[in-house]
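Chain by chain, the residues:
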Amino acid sequence: MENSRYVIFDLDDTLVHSDAVRVAFGIVADAFAISRDVLTRTLDNLPGRPAREIFEALGLSARHAIAATNRFFGELDELNRKAPPVAYPDADTT
C-alpha cells in the first residue's frame, strides 16, 4: 500500500493565523537585527517555505537559522495560545 500524502490549504486563517506567522517572524527578525523591509520582501517572495529556509534566505548561518526557527515556533505558539485558530465545523468534509 502506498503512503498517502496530503496538502492542506489554509486561506482564511481557520487553521493557521497568517498574521500571527508574520508577527512571529517580525519578533525574531528584530532579535537578529534583520530589517523588517527585507523580512517582508523575503516572506512575499518565498511563500509557504519552512521557517529555517526563510531565515537562511535572510542571511543567517545554519546555526543561527536553527536558533531563529526555534524562537519563531516559540513565539508563534505563544500567539496561538492567546488566539487559537479554530477550524470550521465542516472542515473535515471540505
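Everything discussed here concerns the structure shown above.
Position numbers for residues start from 1 in each chain and track the written sequence from start to end. With the structure being a predicted model, the display of local features is reserved for residues of pLDDT at least 70 and the display and counting of side-chain atom pairs for 80 or more, all residues being used for whole-chain, interface and lining totals. Calculation of side-chain values draws on the structure's entire complement of heavy atoms; hydrogens and water are dropped beforehand.

1. Re the packing of aromatic side chains
And step 1. Only Phe, Tyr and Trp rings take part, Trp by its six-membered ring, and two of them pair if their centres are within 6.5 Å. Stacked means planes under 30 degrees apart, edge-to-face means over 60, and tilted covers everything else. Under the criterion given, the structure shown has four aromatic pairs.
And step 2. Ring plane angle 65° and centroid distance 5.2 Å describe the contact between F72 and F73, whose orientation is recorded as edge-to-face.
And step 3. Classification of F72 as buried rests on a relative accessible area of 4%.
And step 4. Exposed residues in this analysis have more than 50% of their type's maximum accessible area, buried residues have under 20%, and partly exposed residues fall in between, with area computed by a 1.4 Å probe over protein chains only. Look at F73 and you get partly exposed, because its relative accessible area is 42%.
And step 5. Here the aromatic cluster, defined as three or more aromatic residues joined through ring pairs, consists of F25, F55, F72 and F73.

2. A short note on the packing of helix α1 (residues 18-31) against helix α2 (residues 36-45)
And step 1. Helix axes are fitted to C-alpha atoms over the stretch in contact, other axes to C-alpha atoms as well, and angles between N-to-C directions run from 0 to 180 degrees. By definition, any uninterrupted DSSP run of H or I lasting at least four residues is a helix, any uninterrupted run of E lasting at least two residues is a strand, and each is numbered from the N terminus. Put simply, α1 and α2 touch, their axes get as near as 10 Å, and they point 135° apart. Here α1 lies oblique to α2, going by the angle between them. In terms of crossing hand, the pair formed by α1 and α2 is right-handed. Side by side, α1 and α2 meet where R22, F25, G26, I27, A29 and D30 of the first sit next to R36, L39, T40, L43 and D44 of the second.
And step 2. Of the residues belonging to the contact of α1 with α2, the class tally is five nonpolar, two polar and four charged. In what follows, roughly perpendicular refers to angles from 65 to 115 degrees, roughly parallel to angles under 35, roughly antiparallel to angles over 145, and oblique to any angle outside these ranges. By convention, the crossing between two helices is left-handed when the near helix turns anticlockwise from the far helix through less than a right angle, and right-handed when the turn is clockwise. Two residues form a contact once any of their heavy atoms are found within 4.5 Å. Classification used: nonpolar for Ala, Val, Leu, Ile, Met, Phe, Trp, Tyr, Cys and Pro, charged for Asp, Glu, Lys and Arg, polar for all others including Gly.

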